[in-house]
Amino acid sequence: MIDEAKMRDLLEGERADAQALIARLTQGIDEVSAAREGDNSDDEHDPEGATLAFERSQAATLLEQSENRLTEIAEAVDRLAAGTFGTCIDCGKPIADARLEARPYAAKCVDCAARG
């Protein structure tokens, strides 16, 4: 049996972590972009350009993953409210408690998640 209050607390913690990470990543991207603003050199010929482009790209990827995680958390809160939380959205079997404690926004059981 799922402890709804505990899951809500875990999801709220995950949401707060994701929002904080999104804020930091957005600030980092803005700072890297501002550092390059007004610079006439291009990334290809600037010795620092490749590093800055890589950092921007890496931060943008992490930002996208964090935004996706935030969406998954919101969907988990909806499943909790609908009474379907803890049930795999693919096969309909229960999601293991250990998986939900580690990843409370998990929508699929381990077997279905491994399949993609």
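Residues numbered from 1 in each chain as written. Predicted model: local features only at pLDDT ≥ 70, side-chain atom pairs only at ≥ 80, totals over all residues. Heavy atoms only, no water.

Colleague: Can you help me understand the overall build of the chain in this one?
Modeller: Across its full length, the chain holds four helices and zero strands. Listed by position from the N terminus, the elements making up the chain come as α-α-α-α. Of the contacts formed within the chain by residues at least 6 apart in sequence, a portion of 55% connects residues at least 24 apart. Of the roughly 7,500 Å² of accessible surface on the chain, a fraction of 51% belongs to carbon and sulfur atoms. (Helix = DSSP H or I, 4+ residues; strand = E, 2+ residues; numbered from the N terminus. Contact = heavy atoms within 4.5 Å. Areas by Shrake-Rupley, 256 points an atom, 1.4 Å probe, with all protein chains shown as cover.)

Colleague: Can you help me understand the side chain of R79 in this one?
Modeller: Of note, R79 is situated in helix α2 (residues 49–82). With no salt bridge to any partner, buried R79 finds its closest opposite charge in E75, at an N-O distance of 4.7 Å. What R79 contacts, discounting residues up to four positions off in sequence, is T84, F85, I89, Y105, A106 and A107. (Buried < 20%, exposed > 50% of the residue type's maximum accessible area, 1.4 Å probe, protein only. Lys, Arg positive; Asp, Glu negative; His and termini not counted. Salt bridge = Lys/Arg side-chain N within 4 Å of Asp/Glu carboxyl O.)

Colleague: Can you walk me through the side chain of E14 in this structure?
Modeller: Relative to the assigned elements, E14 resides in helix α1 (residues 4–36). In terms of polar contacts, E14 uses its side chain to reach the side chain of R69, at 2.9 Å. Beyond its immediate sequence surroundings of up to four residues, E14 is in contact with R69, I73, P104 and Y105. (Polar contact = N/O pair within 3.5 Å; in protein donor to acceptor, adjacent residues only side chain to side chain.)

Colleague: Sorry, what's going on with the pattern of salt bridges here?
Modeller: Pairing is possible between side chains of opposite charge, provided their charged atoms come close. According to the stated counting rule, one finds five salt bridges in the structure shown. In this structure, K6 engages E101 in a salt bridge whose closest nitrogen and oxygen atoms are separated by 3.0 Å. Of this pair, K6 sits in helix α1 while E101 sits in helix α3 (residues 97–102); the two residues are 95 residues apart in sequence, bridging distant segments of the chain. Here K6 falls in the partly exposed class, since its relative accessible area comes to 35%. Residue class for E101 comes out partly exposed when judged on its relative accessible area of 44%. One salt bridge connects R69 with E14, and the closest N-O pair in it is separated by 2.9 Å. Here E14 lies in helix α1 and R69 lies in helix α2, a separation of 55 residues in the sequence. With respect to class, R69 is no different from E14; both count as buried.

Colleague: What exactly am I supposed to notice about the UniProt feature "domain: Zinc finger DksA/TraR C4-type" (unreviewed entry) in the chain here?
Modeller: The positions that UniProt labels "domain: Zinc finger DksA/TraR C4-type" (unreviewed entry) are, in the present scheme, residues 83–115. When the span residues 83–115 is considered, its composition is 36% helix and 0% strand, and the gap between its end C-alpha atoms is 25 Å. (UniProt positions renumbered as here; feature names shortened; annotations may be inferred.)

Colleague: Would you mind going over the environment of C109 with me for this structure?
Modeller: By the secondary structure assignment, C109 is in the loop between α3 and α4 (110–115). Taking the C-alpha atoms as reference points, C109 and P94, 15 residues apart in sequence, are found 7.1 Å from one another. Discounting chain neighbours no more than four positions away, the residues touching C109 are C88, C91, P94, I95 and R99.

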